[in-house]
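# Examination of the molecular architecture
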Amino acid sequence: MADGLINLTIDGAPVSVPPGTLVIEAAKQAGVLVPHYCYHPGLPVAGVCRMCLVEIEKAPKLQIACATTVTEGMVVKTQAPAAKDARQGVLEFLLINHPLDCPICDQAGECELQDFVFQEGQARTRYAEFAKRFNPVEDFGPDVLYVPNRCILCTRCVRFMEDVAQEPVLNVSERGDRAFIGIHPEARLDHPWAGNVVDLCPVGSLLSKDFLHKARAWELDKTASICTGCSQGCNITLDTRDEVVVRVRPRPNLEVNRYFICDHGRMHYKWMNRGDRIEAPLVRAGAELKATDWDEALDRVTAILRGTEGRTAVALVSPGASSEALALAKRVFTGFTWTGAFQVVMGEDAPLAGVPDLALRAERAPNAKGAENLGYTRDYAPALAAAKTAAVVLVLDDPDCAVDTNGALIYLGTVLGENAACRRADVILPIANVAEEEGTFTNRDGRTQRYYQAKPAPGMAQPAAWVLGQLAAAMGPAEAQR
Amino acid sequence: MGFPHKSHPKETVVLSQHFGDADARTLKGWTKRGGYEALAQALKMDPVAVTDVVKESGLRGRGGAGFPTGLKWSFMPKEKKRPHYLCVNADESEPGTFKDREIMRWTPHALLEGTAIAAHAIRAEVAYIYIRGEFTEPWTIMERALAEANAAGVFGTIKVYLHRGAGAYICGEETALMNSIEGKRGNPRIKPPFPAAAGLFGMPTTINNVETLAAVPHILTRGAAWYKGLCLSNPKSTGTKLFSVCGHVQRPGNYEVTLGFPLKDLLYDMCGGPPAGRTLKACIPGGSSVPILTREETEACLLDYEGVVASGSMLGSGGVIVFDDSADMVYQIMRLARFYAHESCAQCTQCREGTAWTTKIMERILAGQGKTKDLDLLLDLSENMTGKTICVLSDSCAAPIVSGIKKFRGEFEAYLAGKRQPVMVS
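Note that the coordinates shown come from a computational prediction; the quantities given were computed from them, not determined experimentally.

Cut-offs used in this document
Starting from 1, residues in each chain are numbered consecutively following that chain's sequence as written. Chains and ligands are labelled by the order in which they are written, letters from A for the one and numbers from 1 for the other. pLDDT decides what is reported in this predicted model: residues at 70 or higher carry local features, side-chain atom pairs at 80 or more are listed and counted, and totals for whole chains, interfaces and linings draw on all residues regardless. Counting from the N terminus, the helices are the DSSP runs of H or I reaching at least four residues and the strands are the DSSP runs of E reaching at least two. Any residue whose C-beta has 12 or fewer other C-beta atoms within 10 Å is treated as exposed, any with 20 or more as buried, and any in between as partly exposed, C-beta atoms being built from the backbone. Residues are scored as being in contact if the C-beta atoms we place from backbone atoms lie within 7 Å. When residues are grouped by polarity, Ala, Val, Leu, Ile, Met, Phe, Trp, Tyr, Cys and Pro land in nonpolar, Asp, Glu, Lys and Arg in charged, and all others, Gly among them, in polar. Two strands form a pair only when DSSP identifies at least two bridges running between them. Angles here are taken between N-to-C directions and fall from 0 to 180 degrees, while the axes themselves are lines fitted to C-alpha atoms, restricted in helices to the stretch in contact. As used throughout, domain bounds are those supplied by an automatic or database domain assignment.

## Quick word on the overall build of chain A
Secondary structure summary: chain A contains eleven helices and 24 strands in total. For chain A, the spread of C-alpha atoms along the three principal axes comes to 85 × 55 × 40 Å. When each of the 482 residues of chain A is scored for burial, the buried share is 48%. Within chain A, residue pairs in contact and separated by at least 24 positions form 62% of the contacts whose partners lie at least 6 positions apart.

## A look at the interface of chain B and chain A
One frequent convention defines the size of an interface as the accessible area lost when the parts assemble. Each side of the interface is counted separately: chain B has 25 residues, and chain A has 24 residues. Breaking the side of chain B that touches chain A down by element, the ones donating at least two residues are helix H14 (329-343), helix H15 (349-366) and helix H16 (374-384) of chain B. The leading source of residues in the side of chain B that touches chain A is H15 of chain B, at nine residues. Partitioning the side of chain B that touches chain A into residue classes produces nine nonpolar, ten polar and six charged.

## Observations concerning the sheet that holds strand S2 (residues 126-131) of chain B
All names here are of chain B. Pairing in this open sheet of four strands is parallel, and the strands run S3-S2-S1-S4 from one edge to the other. Sheet topology places strand S3 (159-164) and strand S4 (205-209) at the edges, where each strand pairs with a single neighbour. The average angle at which neighbouring strand axes cross in this sheet is 20 degrees, direction not considered. Where strand S1 (residues 85-90) lies against S2, six bridges are found, and the strand directions are parallel. Across the sheet, the residue bridging to asparagine 89 is tyrosine 130, located in S2. Packed on one face of the sheet, helix H8 (residues 174-181) meets S1, S2, S3 and S4 and runs near 110 degrees to S1.

## Some remarks on the environment of asparagine 150 of chain B
All names here are of chain B. Inspection of the secondary structure puts asparagine 150 in helix H7 (residues 136-152). Note on asparagine 150: 14 C-beta atoms within 10 Å, which makes it partly exposed. With ten residues separating them in the primary sequence, asparagine 150 and valine 160 have C-alpha atoms 8.6 Å apart.

## Structural notes on the domain arrangement of chain B
All names here are of chain B. Entries for chain B in the domain assignment read domain 1 (22-229), domain 2 (240-324) and domain 3 (329-416). For domain 1 and domain 3, the distance between their C-alpha centroids amounts to 34 Å. Counting residues at the interface gives ten residues for domain 1, matched by seven residues for domain 3. Residue classes in the side of domain 1 that touches domain 3 are distributed as seven nonpolar, two polar and one charged.

## Some details on H8 of chain B
Residues and elements named next belong to chain B. Burial of H8 is extensive: seven of the eight residues sit out of reach of the surface. Here H8 has its buried residues at Glu174, Thr175, Ala176, Leu177, Met178, Ser180 and Ile181. Of the surrounding elements, those touching the buried residues of H8 are S1, S2, S3 and S4. Immediately beyond the C-terminal end of H8, within one or two residues, lies glycine 183, with a positive phi of roughly 90 degrees.

Shown next, in the form of structure tokens:
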């Protein structure tokens, strides 16, 4: 046993944890999930749902695991008959006024009330013949609905708004069984981080309007990803249904985003499902662009790179491209006098007051730092001017790039607008978007994080790193190129 | 004094000596009666010495829990690093209890003096007296007394504030009271931390009941040995206690007796027993939150902390509710359950849902719609509501249910069997 740790036993399993650890957290180390509702590691402890009651040897009565700190030699029994009975009692109390409308509830399948009732509850109600409490659905904010009938008053949402967002617009209104979550009469739940209350809600009481009735939880595939909404690099999960991204949820990372993401990031996914994608490589045939296969398209690019008279190249890239693609986009031009540049869309900062170093950053790009580390510059205007006379210009994943060049133009992109400057490119190569490839981003603090593929790319589109890797390989080793 | 009746010879009149005497309400009148001598004496003593006297006296909390007062004071940090607070719990809301109201109505300076002494003992610079919102008359009297005392500068550097409750029973729970003073919703807090470590505004805090503090000046002036000598039964229960007797007795009111006094004598001798032609049926000895006693248990009960426990209930706040043979125990218990369902703060699941469900079942039984399984269901719910929540409100709802069904099962069964006329509409 390591020094300075507290040793205790949970359901017979010995664990050693730092002093001050809560029993509920120590139990996780022992592989035991103590059922709970109000407890959340990202929120202050409330101790109100009374679901995590466990038996602790020598304690006169059952204790709540979420508010009890470990002591040396403590013996915790989560499965003691008294503890199980108490939790079953709580579940029964929680269900008496619950509408049991799981078939039409968005939370079904990922509902902690369902889970723990299934695990520990009883099959029948003893609350027969009494009417259930009814309150109408309330519109809390731009993306949040409150369904009071399903509410178990765990107060996670209240504590999030009060202690984490520090905009206390929610409360528990009324007393006894008349209680419900109230919102300040003149306020809306429109804080830039308000959407987290939907994730925090352990039941289907707080719902996202955006996701409302869009999918059942069990139909969703979940993929680890990184938010592209700004340079914070929040860890997220992309939920896809039938290869369409339908929801973005935070993925805990204590160093970056704790348990939260902002609403901007949460809603920053619809473009991933765009239907108007470039689906095949296009090569110039006089005034026209002709669809072709990858071999011909890549050959055409190789020929351009090998055949240019001048050896100057400009790469105008998106700071949302993966570091892998950015590195290869540079290597392709080995031997060239190369300038790489990117521009960042700027917005408003929106910090989450209760969490240090967590904010929606003004810099709305996930990989600006990565691009910088690889030698790309923020001096975009000079690079754009230099493109005019460069022998080769490569535009990577920037459909709105106002490029104008007398040299060859190669565009790697997902979409091609009607009036896009890149329409005059010599070769257009279809690439995957962030949801369709694997790669890494480096966030503003220099943390490099990997994201994974959540859905297939349309048509013949390939990850930019693959495309540029093919080109780099075709160009041969650096020393052979000249 | 058996206010509003004359003192009964069997009473030990200490706190209630000036009840009914309006002159004692004024600073002048109070000083004339020996008031503020104890405070002057205490301020010359070391705080630890004051605490030791109170410890020695055996004084225990009169709000309900009966925790030794001196010991509680000694929990405050020895080394003072942060502000200390004293809270005075004058949120007397326990059904059947009306002793603190009389202390504030008639002897406001007794409370203020006790408050100042306690503040000195725990080295608090600020004391808050949290007065129940419905106590309009005591509030006015306390305000006037405080203004007089402040004008005379009797508290020295100690600041005393009155804080008015807004009508929630739960704010009488010590940590809910602190939240309420802080301007928050009056929800009980999880303990630990205990108030002596982190109480009001997160600072070390002691909270005492009105009656407890009103006894402190007497202990200081007359000595711990005198107070300790006031004991008729168990030596762990010392001093006098006010009992608020209500219900089916001929002379309801506040009666002050030495601890260990027989409940039977209180009810029959002092209060005149049940109305003519009626017999005693049951009694709740310590405010609505404690188990009900049968007639036999009542008549054998000694009024001190240990004695009432031995009889199967608790001394609580000393609110004695008496039922004669005309009382419908099922209806009375329903009224208690309904009170707790109304007052539950809604934090803990068992309390929020359990008190309301219990009330619905009780109402159903009284409407003649009860099911045979209802009694078992009530007992089972009560079990789930006992010892599992942040505070004891849900336990308090369960106590009369459990003891009521145990001791008056026949009355419940009469409703279930349709042998008793329903008294409620379902």
